[in-house]
Amino acid sequence: MLHADEIKELQRRIGLYDDEVAYKALFLHFYKPLLKFAASFVKSGETAEEVVSDVFISLWERRQQLENVHNLPVYLYVGVKNTSLKYLLKQKKQVAITIDDLSVELASPHQDPEQALLTAEMMSRIEAAIAGLPPRCKIIFKLIREDGLKYKEIAQILNVSVKTIDNQLAVAIAKIARVLNVQLKKTTR
């Protein structure tokens, strides 16, 4: 997992020195999460691969301007979202597509030791609760919990307010807690 400073350094090396090794490292780091994100739009693994490849090809072609990109993860996610929507509009000749029209697949929750300790029954209940979330909640939940993006970054990617992200995550957590029969404490802000 690359940290923000490492991403910035790879970005600098690509922009200034046409560094193909840095480009490959960046590609490998972002490929899988961007592929899942694209697939939530286009509903096809093959098309999602094309979308992500197109975004990375465009990134390489515009590498001289890469130094001007302040938040590369947001830049890449927005690029994937826009490329996916262009593809869908071309295919379906639709006027518009909203986040609520998307279906999102979340990665397996067995990613860290803490989660591995949960029972199979509990994991099954959690997966069912997540699968039952509305599309907007599910995609926001995925971007926060799996991809580790910040609220502000997700707001930029999805073109919504940070408050919307906060509200949607609260809805997701409340629905998951209800399915798991967990009482949440109310907090004052």
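This text follows the structure it describes.
Let me begin by describing the structure that accompanies this report. Computed from a predicted model, the values in this text were never measured in an experiment. (Residues numbered from 1 in each chain as written. Predicted model: local features only at pLDDT ≥ 70, side-chain atom pairs only at ≥ 80, totals over all residues. Heavy atoms only, no water.)

1. Digging into the layout of surface pockets
Counted as a void, the second largest pocket has a volume near 570 Å³. Surrounding the second largest pocket, 25 residues form its lining, Met1, Ile7, His29, Asp147 and Leu149 being those nearest its centre. Breaking the lining of the second largest pocket down by element, the ones donating at least two residues are helix 1 (4-17), helix 2 (20-42) and helix 4 (72-92). In terms of residue count, the dominant contributor to the lining of the second largest pocket is helix 2 (five residues). The class makeup of the residues in the lining of the second largest pocket is 11 nonpolar, seven polar and seven charged. (1 Å grid on protein atoms, 1.4 Å probe; cavity = no way out; pocket = protein on both sides within 12 Å on 5 of 7 lines; lining within 4 Å. Points joined across faces, edges and corners; volume = space filled by probe spheres on them. Helix = DSSP H or I, 4+ residues; strand = E, 2+ residues; numbered from the N terminus. Nonpolar A, V, L, I, M, F, W, Y, C, P; charged D, E, K, R; others polar.)

2. Side note on the packing of aromatic side chains
Overall, the coordinates contain six aromatic pairs when judged by the stated rule. Measuring from centroid to centroid gives 4.9 Å for Phe27 and Tyr31, while their planes differ by 35°, and the two rings are tilted. Note that Phe27 and Tyr31 are positioned in helix 2 at a spacing of four residues, about one turn of the helix. Between Phe27 and Phe56, the aromatic rings sit 4.9 Å apart at their centres with planes inclined by 70°, giving edge-to-face as the arrangement. You can see Phe27 sitting in helix 2 and its partner Phe56 sitting in helix 3 (residues 45-61), a full 29 residues away along the chain. The class of Phe27 is partly exposed, set by a relative accessible area of 24%. The exposure class assigned to Phe56 is buried, which follows from its relative accessible area of 1%. An aromatic cluster of at least three residues, connected via ring pairs, comprises Tyr23, Phe27, Tyr31, Phe56 and Trp60. (Phe/Tyr/Trp six-rings, centres within 6.5 Å; stacked < 30°, edge-to-face > 60°. Buried < 20%, exposed > 50% of the residue type's maximum accessible area, 1.4 Å probe, protein only.)

3. Quick notes on the packing of helix 1 against helix 2
The N-to-C vectors of helix 1 and helix 2 enclose an angle of 140°; their axes lie 8 Å apart at closest approach. Judged by the inter-axis angle, helix 1 sits oblique to helix 2. Viewed along their axes, helix 1 and helix 2 form a crossing whose handedness is left-handed. Of the residues in helix 2, those touching helix 1 at Ile7, Leu10, Arg13 and Ile14 are Val21, Ala22, Tyr23, Ala25, Leu26, His29 and Phe30. Classifying every residue of the contact of helix 1 with helix 2 by side-chain character gives nine nonpolar, one polar and one charged. (Axes fitted to C-alpha atoms, helices over the stretch in contact; angles between N-to-C directions. Parallel < 35°, antiparallel > 145°, perpendicular 65-115°, else oblique. Left-handed = near helix turned anticlockwise from the far one by under 90°. Contact = heavy atoms within 4.5 Å.)

4. Let's talk about the pattern of salt bridges
Pairs may arise between side chains of opposite charge once their charged atoms sit close together. Summed over all chains, the structure comprises four salt bridges. The residue Asp18 makes a salt bridge to Arg63 at a minimum N-O spacing of 2.7 Å. Here Asp18 is found in the loop between helix 1 and helix 2, whereas its partner Arg63 is found in the loop between helix 3 and helix 4, with 45 residues between them in sequence. Look at Asp18 and you get partly exposed, because its relative accessible area is 34%. In this structure, Lys142 and Asp147 form a salt bridge, with 2.8 Å as the shortest nitrogen-oxygen distance. (Salt bridge = Lys/Arg side-chain N within 4 Å of Asp/Glu carboxyl O.)

5. Topic: the nonpolar core
Grouped together as the largest cluster of nonpolar side chains are 49 residues, with contacts concentrated most on Phe37 and Leu158. Looking at this core, the elements with two or more residues in it are helix 1, helix 2, helix 3, helix 4, helix 6 (120-131), helix 7 (135-145), helix 8 (151-158) and helix 9 (162-180). With residues near it in sequence (within four places) discarded, Phe37 still touches Tyr77, Val80, Lys81, Ile139, Lys142, Leu143, Ile157 and Leu158. (Core = buried A, V, L, I, M, F, W, Y, C linked by side-chain atoms within 4.5 Å.)

6. Here's the deal with helix 2
In this model helix 2 runs just 29 Å from its N-terminal to its C-terminal C-alpha over 23 residues, more than 12% under the 33 Å that 1.5 Å per residue would give. Residues of helix 2 that are buried include every one of Ala22, Tyr23, Leu26, Phe30, Tyr31, Pro33, Leu34, Phe37, Ala38, Ser40, Phe41 and Val42, and no others. The elements touched by buried residues of helix 2 are helix 1, helix 3, helix 4, helix 7 and helix 8. For helix 2, the side-chain oxygen to backbone nitrogen distance between the N-cap and Val21 is 2.9 Å, and the N-cap itself is Asp19. One or two steps after helix 2, the chain reaches Lys43, where phi turns positive at roughly 60°. (Expected span 1.5 Å × (residues − 1). Polar contact = N/O pair within 3.5 Å; in protein donor to acceptor, adjacent residues only side chain to side chain.)

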